[in-house]
Amino acid sequence: MFDPVASLKEFVRFPSVSTDSTQRDGMKGARDYIGGLLKRVGFSVREMPTPLHPIIIGRREGDPSWPHVVIYGHYDVQPPDPIDLWTTPPFEPEERDGRLYGRGAADNKGPLMTHLAAVAQLLEESPDLPLRITFLIEGEEEIGSPSFVPFLEKNRDLFDADFVYLSDTGSPNESQIVVTTGLRGIVCLQVDVTGPKSDLHSGVHGGAVLNPVQALTELCASLHDRDGRVDVPGFYDDVRPVEDWEREEVGRLGVSSDDYARFLGIDAFHTEKGYTPFEGVRFRPTLEFNGIGGGYQGEGSKTVIPSRAFAKISCRLVAEQDPARIQEAVVDTLKKRCPRGVSLTVTPGHSGAPYLVVPPGKPNTPQDQPAALASAFRAADRAIAAEFGKPPLYLREGGSVPIIADLKRITGLDSLMIGLFLPEDRLHAPDESFHLGVMEKGIAASKRILKQVAEGSR
Ligand code: BES
Ligand code: ZN
């Protein structure tokens with residue numbers, strides 16, 4: 001008998017921090033653990049090497065006429081820092097008030113375990129279930145999945161499937177589940193500004209030179225206008241307009257702007273003109289400063305003109321913006337606006353394309369939408385209504401899972417995404433947790449969905 005909560009606790013115990021090269025053992029532990037579980041459930045398991053963290057593939061083969069679902073998840077997690085702010089240690093999972101606390105409990109070990117538990121229970125109840133399943137579990141999601149596209153290109157035969165199925169997105173509360181219809185893409189850049197060849201005494205040289213911190217902050221400030229729009233020529237050129245039904249769906253979220261502001265601890269929103277905060281995070285692209293530095297950071301004051309300054313920038317992109325074009329537009333703009341007296345280097349980081357799927361029955365659903373995908377969406381609607389008490393909302397999401405667009409581009413596969421994070425789960429932050437009630441209902445809903453997909457083939 002498969003115990004989902006006990007298995008999740010074991011899984012969370014491994015410090016599988018993909019960005020931290022001192023945590024190789026944690027990565028291997030998580031990989032071996034999830035591979036072992038898949039084997040126990042009856043899957044043939046392969047660990048596929050990549051230049052960095054191996055990908056786990058688990059397969060349940062079957063009659064080629066059966067539907068084939070790829071279930072995606074990631075075994076890597078974000079760093080636990082700042083560790084002092086955790087109530088209990090990040091890799092010593094603890095159950096409190098119906099939640100399991102620990103780094104990765106929600107993002108993404110809990111949701112992955114939800115679908116694995118559903119599969120395990122389903123196969124125990126119906127060992128002859130006419131469904132082929134491939135688990136695709138990667139270890140580089142939190143660092144931009146650098147190995148994923150080459151892997152996909154080399155192993156396309158694994159993905160001769162009907163659709164991808166996953167939970168790595170959110171829902172507003174435990175009784176209102178979201179089927180995620182879009183993810184934002186991303187472009188990351190580091191900007192370095194260099195002025196004089198060394199730090200200078202600000203009394204001796206101040207008045208003669210352009211301060212790199214000033215040059216950088218002016219450059220950064222030039223990237224937005226007063227209406228909250230990104231001031232980079234061409235930035236919005238390819239943005240696909242929002243459909244009326246999507247705005248109506250956002251209106252059904254049942255959360256007020258005031259509640260959202262209180263949740264965030266802010267006294268006013270800063271949204272693009274014409275969009276509510278809930279629309280802004282789903283439908284609009286952004287340019288954000290993730291970090292900025294330069295000059296003296298220590299106690300007290302130090303009268304210096306620093307030699308260098310840097311900023312880390314990321315843009316979130318929406319359908320149909322192209323990451324390469326946006327990267328070029330931002331880099332060109334920065335170069336054009338860089339004043340004389342300092343020099344600029346821009347180093348691109350990782351990027352990923354946005355993703356959008358139109359559910360069946362909505363305006364502009366593609367004519368050639370595969371029948372298996374459409375029936376999976378319908379199965380999800382019914383299953384979520386039955387287990388959570390209300391049918392789902394169909395909403396785009398602000399976060400990014402770039403491999404979803406890669407899978408679409410390279411294999412043609414669309415994704416059915418069920419949002420299982422709640423706002424209180426504190427993804428990427430101290431005291432991350434996963435709601436065990438959502439997990440339980442999620443397992444039941446997932447079983448119904450997979451059963452329906454299998455029965456659709458009869
Ligand atoms: N699960 C998240 C993405 C997410 C979070 C989607 C909340 C929807 C709602 C994922 O693990 C993540 O954090 N992705 C990164 C991607 C980046 C590293 C390329 C992100 O969105 O910052
Ligand atoms: Zn994440």
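As shown above, the structure is provided for reference.
Conventions we followed
- Residues numbered from 1 in each chain as written.
- Chains lettered and ligands numbered in written order.
- Predicted model: local features only at pLDDT ≥ 70, side-chain atom pairs only at ≥ 80, totals over all residues.
- Heavy atoms only, no water.
- Pairing = 2+ DSSP bridges.
- Helix = DSSP H or I, 4+ residues; strand = E, 2+ residues; numbered from the N terminus.
- Axes fitted to C-alpha atoms, helices over the stretch in contact; angles between N-to-C directions.
- Contact = heavy atoms within 4.5 Å.
- Buried < 20%, exposed > 50% of the residue type's maximum accessible area, 1.4 Å probe, protein only.
- Donors = N, O, S within 2.8 Å, 3.2 Å for Na, K, Ca; no water.
- Parallel < 35°, antiparallel > 145°, perpendicular 65-115°, else oblique.
- Left-handed = near helix turned anticlockwise from the far one by under 90°.
- Nonpolar A, V, L, I, M, F, W, Y, C, P; charged D, E, K, R; others polar.
- 1 Å grid on protein atoms, 1.4 Å probe; cavity = no way out; pocket = protein on both sides within 12 Å on 5 of 7 lines; lining within 4 Å.
- Points joined across faces, edges and corners; volume = space filled by probe spheres on them.
- Arc of directions from axis to C-beta.
- Polar contact = N/O pair within 3.5 Å; in protein donor to acceptor, adjacent residues only side chain to side chain.
- Core = buried A, V, L, I, M, F, W, Y, C linked by side-chain atoms within 4.5 Å.
- Salt bridge = Lys/Arg side-chain N within 4 Å of Asp/Glu carboxyl O.

K.L.:
Can you lay out the sheet that holds strand S11 (residues 286-294) for me, pointing to particular residues and giving the numbers?
P.N.:
Here we have four strands laid out as an open sheet, ordered S11-S13-S9-S14, and antiparallel in their pairing. In the strand order of this sheet, the two ends are held by S11 and strand S14 (343-352), each with one partner. When strand polarity is set aside, the average angle formed by the axes of neighbouring strands in this sheet is 15 degrees. Where strand S9 (residues 185-194) and S14 come together, eight bridges link them in antiparallel fashion. Directly across from Gln 190, in S14, lies its bridge partner Thr 347. Contacts from helix H6 (residues 212-221) reach S9, S11, strand S13 (308-317) and S14 within the one sheet, and its direction differs from that of S13 by about 15 degrees.

K.L.:
Help me get a handle on the pairing of strand S6 (residues 132-138), residues and values and all.
P.N.:
Most of S6 sits out of view: seven of its seven residues are buried. Alternating residues of S6 divide into Arg 132, Thr 134, Leu 136 and Glu 138 and Ile 133, Phe 135 and Ile 137, and every residue in both groups is buried. Where strand S2 (residues 55-60) meets S6, five bridges bridge the pair, whose relative direction is antiparallel. Directly across from Gly 58, in S6, lies its bridge partner Phe 135. Bridging between strand S3 (residues 68-74) and S6 involves seven bridges; their strand directions are parallel. The residue of S6 that forms the bridge with His 74 is Glu 138.

K.L.:
Give a detailed account of the coordination of the zinc ion (ligand 2), specifying residues and quantitative values.
P.N.:
Around the zinc ion (ligand 2), the protein contributes the donor atoms Asp 107 (OD), Glu 142 (OE), Glu 142 (OE) and His 428 (NE2), at 2.0 to 2.5 Å from the metal centre. Spacing between the donor residues of the zinc ion (ligand 2) along the chain follows D-x34-E-x285-H. Linking Asp 107 in helix H3 (residues 105-125) with His 428 in the loop between strand S17 (415-418) and strand S18 (433-435), this pair joins segments that are 321 residues apart in sequence. Classification of His 428 by relative accessible area gives partly exposed; the value is 40%.

K.L.:
Residues and numbers for the sheet that holds strand S4 (residues 94-96), please.
P.N.:
Whenever strands of a sheet pair, they do so through backbone hydrogen bonds, lying parallel or antiparallel. With respect to topology, three strands assemble into an open sheet ordered S4-S5-S18, the strand pairing being antiparallel. Across the chains shown, the open sheet's two edge strands, defined by having one partner strand only, are S4 and S18. Pairwise comparison of adjacent strand axes, ignoring direction, gives a mean angle of 25 degrees for this sheet. Across the sheet, helix H1 (residues 4-12) lies against S4, strand S5 (99-101) and S18, angled at about 20 degrees from S5, the strand it touches most.

K.L.:
So what's going on with the packing of helix H2 (residues 24-40) against H3? Which residues, and what values?
P.N.:
Remark: H2 packs on H3, axes separated minimally by 12 Å, with the N-to-C direction vectors making an angle of 15 degrees. By the criterion of interaxial angle, the relationship of H2 to H3 is roughly parallel. In the crossing of H2 with H3, the sense of the turn from one axis to the other is right-handed. The segment H2 lies against H3, with Ala 30, Tyr 33, Ile 34, Leu 37 and Leu 38 engaging Lys 109, Leu 112, Met 113 and Leu 116. Each residue belonging to the contact of H2 with H3 can be placed in one class, and the counts come to eight nonpolar, no polar and one charged.

K.L.:
Explain the layout of surface pockets residue by residue, including any values.
P.N.:
As a volume, the second largest pocket reaches approximately 420 Å³. Breaking the lining of the second largest pocket down by element, the ones donating at least two residues are strand S15 (355-356) and helix H12 (403-411). No other element matches the four residues that H12 contributes to the lining of the second largest pocket.

K.L.:
Break down H1 for me, with residues and values.
P.N.:
For H1, the full list of buried residues reads Pro 4, Ser 7, Leu 8, Phe 11 and Val 12. Considered in projection along H1, the buried side chains sweep an arc of 135 degrees and stay on one side of the axis. Tucked inside the fold, the buried residues of H1 contact H2, S5, H3, S18 and helix H13 (436-455). Among the residues of H1, the N-terminal cap falls to Asp 3, whose side-chain oxygen and the backbone nitrogen of Val 5 are separated by 3.2 Å.

K.L.:
Outline the nonpolar core, listing residues and values.
P.N.:
The biggest cluster of nonpolar side chains holds 86 residues, and the ones touching the most others in it are Met 113, Phe 135, Leu 136, Leu 416 and Ile 418. Broken down by element, the residue count for this core peaks at 11 residues, all from H3. Those residues in contact with Phe 135 that sit more than four places away from it in its chain are Leu 38, Phe 43, Ile 56, Ile 57, Gly 58, Ile 71, Leu 112, His 115, Leu 116 and Val 119. Counting 30 residues, the second-largest nonpolar core is a separate cluster that includes Val 187, Cys 220, Ile 313 and Val 331.

K.L.:
Can you explain the pattern of salt bridges? Please cite residues and give values.
P.N.:
Tallying each qualifying case throughout the model produces 21 salt bridges. With a shortest N-O distance of 3.6 Å, Arg 31 and Glu 47 are connected by a salt bridge. Here the residue Arg 31 occupies a position in helix H2, and Glu 47 occupies one in strand S1 (residues 44-48), the gap between them amounting to 16 residues. On the basis of relative accessibility, which here comes to 9%, the residue Arg 31 falls in the buried class. One salt bridge connects Glu 272 with Arg 229, and the closest N-O pair in it is separated by 3.2 Å. Residue Glu 272 is found in the loop between helix H8 (257-264) and helix H9 (277-283), and its partner Arg 229 is found in the loop between H6 and helix H7 (244-251); the two are separated by 43 residues along the sequence. Residue class for Glu 272 comes out buried when judged on its relative accessible area of 9%. Note on Arg 229: relative accessible area 31%, which makes it partly exposed. Via salt bridges that share partners, Arg 229, Glu 272 and Arg 284 belong to a single interconnected network.

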